[in-house]
Amino acid sequence: MCGWRPAIEESGLYDCFKAVGLAHLVAVSGAHLSIVVLFVAGGLKLLRLGRKATTVASALFLVGYVAFTGMPVSALRAAVMAATGLFALWANRRNSALSALGLCLLLFVGADPACALSASFALSAGSTLGIVLFAPLLSSAFAGLPRLKKVVGDPLALTGSSALATQPYAAALFSQLPLLSPLANLVVGPLFSLACLVGFVAVLLACLAPAAAPGLIGAAALACAPLSAVVNALASLQGSCVPIDAAPLAAAVLSGALCIGLWAWWPRVSIGGLSGTAAAAVLALFVLRLPLGMPTDAIVMLDVGQGDAFLVRSGASALLIDTGNQDSLLKAALARQRVGRLDAVAVTHSDDDHCGSLSVLGDVAPASALLVPEGLPACSCKACSELMDTARAEGLADALVELSPGDTVRCGKFSITVLWPERLADDGGNADSLCLLASWDGDGDGAAEWTALFTGDAEAEQLDQLTDKLPTSGVEVLKVGHHGSKKSLDASLAERLSPKVALIGVGEANRYGHPSQNTLDFLEKTGCATYCSDESGDVVVAFSEDTLTVSTQR
């Protein structure tokens, strides 16, 4: 009600709203203003005030409410549109929502030209434009079914028309497409109205009678409980989002094309036509998500910025090693690799840049198990505690597997053996990173054709202690430890490992100076090909019985 949402963000509830396509309900916007202004207008009507007095009082309230919420862009845009409506009522003229929106755009861009490049402003204006242009059209498809129109048609028309103009662009921005958005908007509409009205009354009375504020705000919180519970329940459904990797400009063009197509279809819209279009869109999305043309057996370094995320794929099996900590980059990378589910996710250690995005997997690529070093769940350090809290919140605590040296994990033709750590000695930090030796047996004869070493953030000091567990000839693929820091390798270790391909997950122009030039020099002297994610993007190392084939995103 007040536009203050730090508590919602800290609790993780805001992520739930985004996951089910309800982020617009968290920002004070037209939905809030329409509900509250209608409530105020109803109260003024009971006082039997004249039209002009009601208009003036409503306008004053509108100004006060927008100022009270901190004047966010979404509220200002809605307020300008509402103000034009009130002016039309005052002047006894027909209101024009499209003209109001145009006036709003002129005012905002004129006052602050940077608005023209603001993604949030574009989403707000596009959503409103979609509703103004297409909500009546979509709602008219239910004209012959008045009861169904009121309960289902009108809410779906609002959601669909808003999404038509903004959803492709929003999906590109946030790297996810919320599949549950139509259902969520339909279900939570009445619950949001209840929370909004009770909250407004509670805040108003609390300002007038501060002594009663605790009880009033408690009542408002109680009124919000059903909304929060439903949003949490919908967001907890695995696979509620589809990861998307698309350029925002191309997505904006697609939005424009959809709007033009619907306008050309007018007035032949029907329930059958809308249903068929929706079914075709779902089918197309499903086909595009199939891993057609992707390497059958491969190790993929995902470009997730300054962090690690490596995908091991073999046939229908997929294992993710670390997640990075930039949610949108991870979701976009999973979309590029067409990953919709994971057999497991392994977290090498509890540093945020290796596990910070664990919470998004349940939405876009649910994992069946969580693999961690033995002893990590019992570690009392802050990072390990936060990792376990996330695991419990995502339902992975019951599917948690602690790994110790000698344990083996299967992923299709890959056999992945744990080499390190012997025990936790660094509170789950860099020195305690899971080190994994992946052996690929392409012909199934029990002998590995290729091997790969994953090191997390372990450095030369730790790797020197496990070289006797490696093949005498070294490894073919090396995930360089600690993003290629100056301590990740020394000359003798690089020569001992002798990789053919070295992979370094690193962020562009990062403040740590990763990768170190010394590390790059050591690798170059071994004759291996070194790939960094900041320069190459996703790097795919495909395995066959005779060759390793490397391809890069850029």
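Everything here concerns the structure above.
I would appreciate a short explanation of the overall build of the chain in the present structure.
When helices and strands are counted, the chain shows 20 helices and 17 strands. Considered along the principal axes of its C-alpha atoms, the chain spans approximately 90 × 60 × 45 Å. Sorting the 554 residues of the chain into buried and exposed places 47% on the buried side. As displayed, the chain offers around 25600 Å² of accessible surface, 62% of which is attributable to carbon and sulfur atoms. Across the chain, the 33 positively charged side chains and the 47 negatively charged ones have centroids separated by 20 Å.

Just checking my understanding: could you explain the packing of aromatic side chains for this structure?
Evaluation of the coordinates by the stated rule reveals five aromatic pairs. Ring centres 5.9 Å apart and planes at 5° place the aromatic pair Phe 61 and Tyr 65 in the stacked group. Of this pair, Phe 61 and Tyr 65 both sit in helix H4 (residues 51–68), four residues apart, roughly one helical turn. Consider the rings of Phe 414 and Phe 543, whose centres lie 5.2 Å apart with planes at 90°: the pair is edge-to-face. Separated by 129 residues along the polypeptide, Phe 414 in strand E10 (residues 414–420) and Phe 543 in strand E16 (residues 539–543) bring together distant segments of the chain. As far as burial versus exposure is concerned, Phe 414 and Phe 543 are alike and both buried. The structure contains a cluster of three or more aromatic residues connected by ring pairs, namely Phe 61, Tyr 65 and Phe 200.

Would you explain helix H6 (residues 97–111) in this entry?
Note that an α-helix has 3.6 residues per turn; residues three or four places apart therefore point the same way. Taking 1.5 Å of rise per residue, the 15 residues of H6 would be expected to cover 21 Å, and the 21 Å separating its terminal C-alpha atoms lies within 8% of that figure. All of the buried residues along H6 are Ala 100, Leu 101, Cys 104 and Phe 108. The arc that holds the buried residues of H6, viewed along the axis, is 100°, so those residues lie on one side. Exposed residues lying more than 90 degrees from the buried face of H6 are Leu 106 and Gly 110.

Sorry if this is basic, but what is going on with the packing of helix H7 (residues 119–140) against helix H11 (residues 248–265) here?
Put simply, H7 and H11 touch, their axes get as near as 11 Å, and they point 45° apart. Accordingly, the angle class assigned to the pair H7 and H11 is oblique. The way H7 lies across H11 gives a crossing that is left-handed. Note on element contacts: H11 touches H7 through Cys 259, Leu 262 and Trp 263, opposite Leu 133, Phe 134, Leu 137 and Leu 138.

Hey, could you run me through the sheet that holds strand E3 (residues 297–301) in this one?
Remark on secondary structure: sheet strands pair via backbone hydrogen bonds, oriented parallel or antiparallel. Strand order across the open sheet formed by eight strands is E8-E7-E6-E5-E4-E3-E16-E17, with mixed pairing between neighbours. If you trace the sheet from one side to the other, it starts and ends with strand E8 (400–403) and strand E17 (548–552), each paired once. Within the sheet, the average angular offset between the axes of one strand and its neighbour, ignoring direction, is 20°. Pairing of E3 with strand E4 (residues 310–314), which is carried by five bridges, proceeds in the antiparallel orientation. Directly across from Ala 298, in E4, lies its bridge partner Arg 313.

Honestly, the sheet that holds strand E15 (residues 529–532) in this entry has me stumped. Any pointers?
Read from one edge to the other, the open sheet built from seven strands follows the order E9-E10-E11-E12-E13-E14-E15, with strand pairing classed as mixed. Strands with a single pairing partner mark the edges of an open sheet, and in this sheet they are strand E9 (408–411) and E15. On average, each strand axis in the sheet is inclined to that of its neighbour by 20°, with strand direction left out of account. Of the pairings in the sheet, the one linking strand E11 (residues 435–440) to strand E12 (residues 450–454) comprises five bridges and is antiparallel in character.

Sorry if this is basic, but what is going on with the environment of Leu 330 here?
Within the secondary structure, Leu 330 is located in helix H13 (residues 327–336). Residue class for Leu 330 comes out buried when judged on its relative accessible area of 0%. For the pair formed by Leu 330 and Asp 303, sequence separation is 27 residues and the distance between their alpha carbons is 7.6 Å. Contacts of Leu 330, omitting those with residues within four sequence positions, involve Leu 302, Val 304, Ala 309, Thr 323, Ser 357, Val 360 and Leu 361.

It is not clear to me how the nonpolar core should be interpreted in this structure. Could you clarify?
In globular proteins that are soluble, nonpolar side chains generally tend to be buried together. With 35 residues, the main nonpolar core has Leu 302, Leu 330, Leu 334, Leu 342, Leu 361 and Leu 370 as its most contacted residues. Those elements giving two or more residues to this core turn out to be E3, strand E5 (317–321), H13, helix H15 (361–364), strand E7 (370–373) and helix H16 (382–393). A total of four residues in this core trace back to one element, the largest contributor, which is H16. Core analysis: the second largest hydrophobic core is formed by 32 residues, Phe 17, Ala 75, Cys 196 and Val 231 among them.

Explain unusual backbone geometry here, please?
Residues apart from glycine generally show negative phi values, whereas peptide bonds are mostly found in trans. The peptide bond linking Trp 420 to Pro 421 adopts the cis configuration, its omega dihedral lying at 5°. Of note, the amide linkage connecting His 514 to Pro 515 takes the cis form, showing an omega dihedral of -5°. Locating Pro 515 in the fold gives a position in the loop between strand E14 (501–504) and helix H19 (517–526). Even without being glycine, Arg 338 reaches a positive phi, approximately 55°. Inspection of the secondary structure assignment puts Arg 338 in the loop between H13 and strand E6 (344–346). The backbone of His 482 shows a phi angle near 45°, a positive value even though the residue is not glycine. Here His 482 shows up in the loop between strand E13 (477–479) and helix H18 (491–497). With relative accessibility at 17%, the residue His 482 sits in the buried group.

Even after reading the chapter, I still don't get the pairing of E17, so can you show me in this structure?
Residues in a regular strand project their side chains so that they alternate between the two faces of the sheet. Pairing of E16 with E17, which is carried by five bridges, proceeds in the antiparallel orientation. When the sheet's bridge partners are listed, Val 539 is paired in E17 with Thr 552. Once E16 ends, the chain turns through four residues before running back antiparallel as E17.

Quick question: what am I supposed to make of the pattern of salt bridges here?
Side chains that differ in charge, positive against negative, can pair when their charged atoms come close. Counting across every chain of the model gives eight salt bridges. One salt bridge in this structure joins Asp 389 and Arg 392, with 2.7 Å as the shortest N-O distance. Here Arg 392 and Asp 389 lie together in helix H16, a separation of three residues that amounts to about one turn. A salt bridge links Lys 469 to Glu 422; its shortest N-O distance comes to 3.1 Å. Taken together, the residues Lys 469 in the loop between helix H17 (460–463) and E13 and Glu 422 in the loop between E10 and E11 connect sequence positions 47 residues apart. Its relative accessible area of 34% is what places Lys 469 among the partly exposed residues. Ionic contacts of the salt-bridge type, sharing partners, join the residues Asp 245, Arg 336 and Asp 538 into one network.

Calculation criteria
Residues numbered from 1 in each chain as written. Predicted model: local features only at pLDDT ≥ 70, side-chain atom pairs only at ≥ 80, totals over all residues. Heavy atoms only, no water. Helix = DSSP H or I, 4+ residues; strand = E, 2+ residues; numbered from the N terminus. Buried < 20%, exposed > 50% of the residue type's maximum accessible area, 1.4 Å probe, protein only. Areas by Shrake-Rupley, 256 points an atom, 1.4 Å probe, with all protein chains shown as cover. Lys, Arg positive; Asp, Glu negative; His and termini not counted. Charge placed at Lys NZ, Arg CZ, Asp CG, Glu CD. Phe/Tyr/Trp six-rings, centres within 6.5 Å; stacked < 30°, edge-to-face > 60°. Expected span 1.5 Å × (residues − 1). Arc of directions from axis to C-beta. Axes fitted to C-alpha atoms, helices over the stretch in contact; angles between N-to-C directions. Parallel < 35°, antiparallel > 145°, perpendicular 65-115°, else oblique. Left-handed = near helix turned anticlockwise from the far one by under 90°. Contact = heavy atoms within 4.5 Å. Pairing = 2+ DSSP bridges. Core = buried A, V, L, I, M, F, W, Y, C linked by side-chain atoms within 4.5 Å. Salt bridge = Lys/Arg side-chain N within 4 Å of Asp/Glu carboxyl O.

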